[in-house]
Amino acid sequence: MTPTPTRILLADDHALVRRGVRLILDGEPDLAVVAEAGDGAEAVEKARATRPDLAILDIAMPRLTGLQAARELTRLQPELRILILTMYDNEQFFFEALRAGASGYVLKSVADRDLLQACRAAMRDEPFLYPGAVNALIRNYLDRARHGEPVPAKAITDREEEVLKLVAEGHSSKQIAEILVISVKTVERHRANMLQKLGLKDRLELTRYAIRAGLIEP
């Protein structure tokens, strides 16, 4: 009897990238793309609707980033395996991905080589890290051990980060409230808290901070 293929949700805001990744995956009998999404919020909706086994998420997407979507999906469906597929060879994003619940981090530049291996590793509950990430992990661990330091805390909460991204994308408080299913008053409170915590004055400065933090592309 043929085993049931791993059901995959694929999220990337570029249709061309999704098509390319789908070509890699659909050629394998043990892997099947059952849903696609063009942004992080849609990825969460599609995951709720289709209950996939594995989600492959880009980092830089509208509404919710891949990292924000990963956090939400880990909370909603703890059994879901998550891979981050990105063009960013960036230690900060790599550590954020692990904290968000991802079990693998694959670079788009070598997806044709690494993605299939990463999918199968994730389904075996094994981490998949590209060589540069392994080096970063070891270096980070050794540095922290040497100085006896814990991982530094983030300046803002996960929810504030979600609001920040949407503010920077130009959404109104009412639109943000609808997307995140919270009240307008809560959105305004998060915005005020962020301005105070980050020492910023207005939406423009919040947007600049969001670009520097990699939440939106300039």
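Residues numbered from 1 in each chain as written. Predicted model: local features only at pLDDT ≥ 70, side-chain atom pairs only at ≥ 80, totals over all residues. Heavy atoms only, no water.

1. Let's talk about the UniProt feature "modified residue: 4-aspartylphosphate" (unreviewed entry) in the protein chain
As annotated in UniProt, the feature "modified residue: 4-aspartylphosphate" (unreviewed entry) corresponds to D58 in the numbering used here. Within the secondary structure, D58 is located in the loop between β3 (54–57) and α3 (66–76). For D58, a relative accessible area of 4% gives the class buried. If near-sequence neighbours (up to four positions away) are discounted, D58 is found in contact with A11, D12, D13, G66, L85, T86 and K108. (UniProt positions renumbered as here; feature names shortened; annotations may be inferred. Helix = DSSP H or I, 4+ residues; strand = E, 2+ residues; numbered from the N terminus. Buried < 20%, exposed > 50% of the residue type's maximum accessible area, 1.4 Å probe, protein only. Contact = heavy atoms within 4.5 Å.)

2. Let's talk about the packing of helix α8 (residues 173–180) against helix α9 (residues 184–198)
Orientation of α8 relative to α9, taken along the N-to-C sense of each, is 105°, at an axis distance of 8 Å. Viewed along their axes, α8 and α9 adopt a mutual orientation that is roughly perpendicular. Where α8 abuts α9, its residues S173, K174, I176 and A177 lie against V184, V187, E188 and R191. (Axes fitted to C-alpha atoms, helices over the stretch in contact; angles between N-to-C directions. Parallel < 35°, antiparallel > 145°, perpendicular 65-115°, else oblique.)

3. Description of the environment of M87
With respect to the secondary-structure elements, M87 resides in the loop between β4 (81–86) and α4 (91–100). Classification of M87 as exposed rests on a relative accessible area of 56%. For the pair M87 and S109, spaced 22 residues apart in the sequence, the C-alpha separation amounts to 6.6 Å. In this view, M87 contacts K108 and E217; residues no more than four positions away in its chain are not counted.

4. Remarks on the environment of E161
As for its placement among the helices and strands, E161 is situated in helix α7 (residues 158–168). Under the relative-accessibility criterion, E161 is labelled buried at 11%. The spatial distance from the C-alpha of E161 to the C-alpha of H190 is 9.2 Å, given a sequence separation of 29 residues.

5. Observations concerning the nonpolar core
Judged by nonpolar contacts, the single largest core of 47 residues is most densely connected at L57, L73, I82, I84 and Y105. Of all hydrophobic cores here, the second largest spans 19 residues; its members include I8, L10, L83 and C119. (Core = buried A, V, L, I, M, F, W, Y, C linked by side-chain atoms within 4.5 Å.)

6. Some thoughts on the packing of α7 against α9
Remark: α7 packs on α9, axes separated minimally by 9 Å, with the N-to-C direction vectors making an angle of 95°. Looking at the two axes, α7 sits roughly perpendicular to α9. Contacts between α7 and α9 involve R159, E160, V163, L164 and V167 from the former and V187, H190, R191, N193, M194 and K197 from the latter. Of the residues that constitute the contact of α7 with α9, the class distribution is five nonpolar, two polar and four charged. (Nonpolar A, V, L, I, M, F, W, Y, C, P; charged D, E, K, R; others polar.)

7. Re α9
Under the 1.5 Å per step criterion, the end-to-end length of α9 is 21 Å for 15 residues, consistent within 8% with the ideal 21 Å. Listed as buried for α9 are T186, V187, H190, R191, M194 and L195. Just beyond α9, the residue with positive phi is G199, at close to 65°. (Expected span 1.5 Å × (residues − 1).)

8. Considerations on the sheet that holds β4
If you trace the six strands from one edge of the open sheet to the other, you get β2-β1-β3-β4-β5-β6, paired in parallel fashion. The open sheet has two edge strands with one neighbour each: β2 (31–37) and β6 (128–129). Bridge count between strand β1 (residues 6–11) and β2: six bridges; the pairing is parallel. By the bridge assignment for β2, I8 is matched with V33. Along the sheet, helix α5 (residues 111–123) makes contact with β1, β2, β3, β4, β5 (104–107) and β6, crossing β4 at roughly 165°. (Pairing = 2+ DSSP bridges.)

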